[in-house]
Each structure stands twice: as structure tokens, then as C-alpha cells.
Amino acid sequence: MRKEEKQDLLNKLVDCRAIAWDNCHKIYVLMDITSENKMREYGYTSLILMSDLTPKIAYDIVVNWYEKSCALKFVESITMDMDYCSIVPQR
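In what follows, the accompanying structure is described. Everything quoted here is computed from the prediction, not taken from an experiment.

## Remarks on the packing of aromatic side chains
In total, this model carries 4 aromatic pairs according to the counting rule given. Seen in terms of ring centroids, Trp-21 and Trp-65 are 5.6 Å apart; in terms of plane orientation they differ by 20°. Their pairing is stacked. On the criterion of sequence distance, the pair formed by Trp-21 in strand β1 (residues 18–21) and Trp-65 in helix α3 (residues 55–68) is long-range, its members being 44 residues apart. This pair shows no difference in class: Trp-21 is buried, exactly as Trp-65 is. Among the aromatic residues, ring-to-ring pairing joins Tyr-28, Tyr-44, Phe-74 and Tyr-84 into one connected group. Positioned above the aromatic ring of Tyr-66, the side-chain terminus of Lys-73 is 4.5 Å from the ring centre.

## A few points about the nonpolar core
Residues Leu-9, Leu-13, Ile-19, Ile-27, Val-29, Val-62 and Val-75 are the most contacted members of the largest nonpolar core, which totals 18 residues. When contributions to this core are tallied by element, the ones reaching two or more residues are α1 (3–15), β1, β2 (26–30), α3 and β5 (84–88). Of all the elements, α3 adds the most residues to this core, at 6 residues. For Ile-27, the contacting residues outside a window of four places in its chain are Ala-20, Trp-21, Val-62, Trp-65, Tyr-66, Ser-69, Phe-74, Val-75 and Glu-76. Ala-18, Leu-30, Leu-47 and Ile-78 belong to the second largest nonpolar core, which has 9 residues in total.

Conventions used here
Per chain, the residues get numbers from 1 upward, laid out in the order the sequence is written. In keeping with the model being predicted, local features are shown solely for residues with a pLDDT of at least 70 and side-chain atom pairs are shown and tallied solely at 80 or more, while totals for entire chains, interfaces and linings include all residues. Hydrogens and waters are ignored; side-chain quantities use all the structure's heavy atoms. Each aromatic pair joins two rings of Phe, Tyr and Trp (for Trp, the six-membered one) with centres within 6.5 Å, and gets the label stacked for planes under 30 degrees apart, edge-to-face for over 60, and tilted for any other angle. Labels follow the DSSP assignment, with helices taken as runs of H or I lasting at least four residues and strands as runs of E lasting at least two, numbered in each case from the N terminus. For every residue, the accessible area (1.4 Å probe, protein chains only) is compared with the maximum for its type, and the residue is labelled buried under 20%, exposed over 50%, or partly exposed between those bounds. Two conditions define a charge sitting above a ring: the NZ of Lys or the CZ of Arg must be within 6 Å of the ring centre, and it must be within 35 degrees of the ring normal. Residue types Ala, Val, Leu, Ile, Met, Phe, Trp, Tyr and Cys, when buried and joined through side-chain atoms within 4.5 Å, form a set referred to as a nonpolar core. By the convention used here, residues are in contact when the closest approach between their heavy atoms is within 4.5 Å.

Interpretation in functional terms is not warranted from these geometric data alone.
This is how it looks when you write it as C-alpha cells:
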């Protein structure tokens, strides 16, 4: 993860509702309840609400997930319109 991507991630975490990981390579910063509910529908079990975290702790968790992910890894934010925005692209 590049330095500017780390800063972008931290900035998104300040305003997000939750973080989610598929336990393989898809990491999402969920910006609202609609995107949170959609990830629950998809069966994401690694889903943590920001009400339980500080942005720094959430950042550490996302970085840990990223390091554990397979080579297809990426981090994206999702809005209620299910618009996906890349934070850390797949390489």
C-alpha cells in the first residue's frame, strides 16, 4: 500500500459507517447503512461497525486484512447508491 493510499484510507475511515472483508481479497469501507446492509446480505462475516472503533484502530485492522489478503487484493469505499470508489487499486 502506497503512502498516499494509506492517507486516503485514513481519511475515508473518519466518515465511514463500517469496514468489511471477504477473508480473501475484497476490503470495503462502507460509507452508510445501505452499503453495510448489502454486505450483510452478501454474507460478509468480517464486518465491524465504526461505533466500536476509532479511525486509527479501523486503519490498523484494514492494513492487517490487506496484508493477509491474496494477490488480487484491493480496498474500495461503497456509498448507498452502491457506487464503488477505489482507495487501493488491485495490482
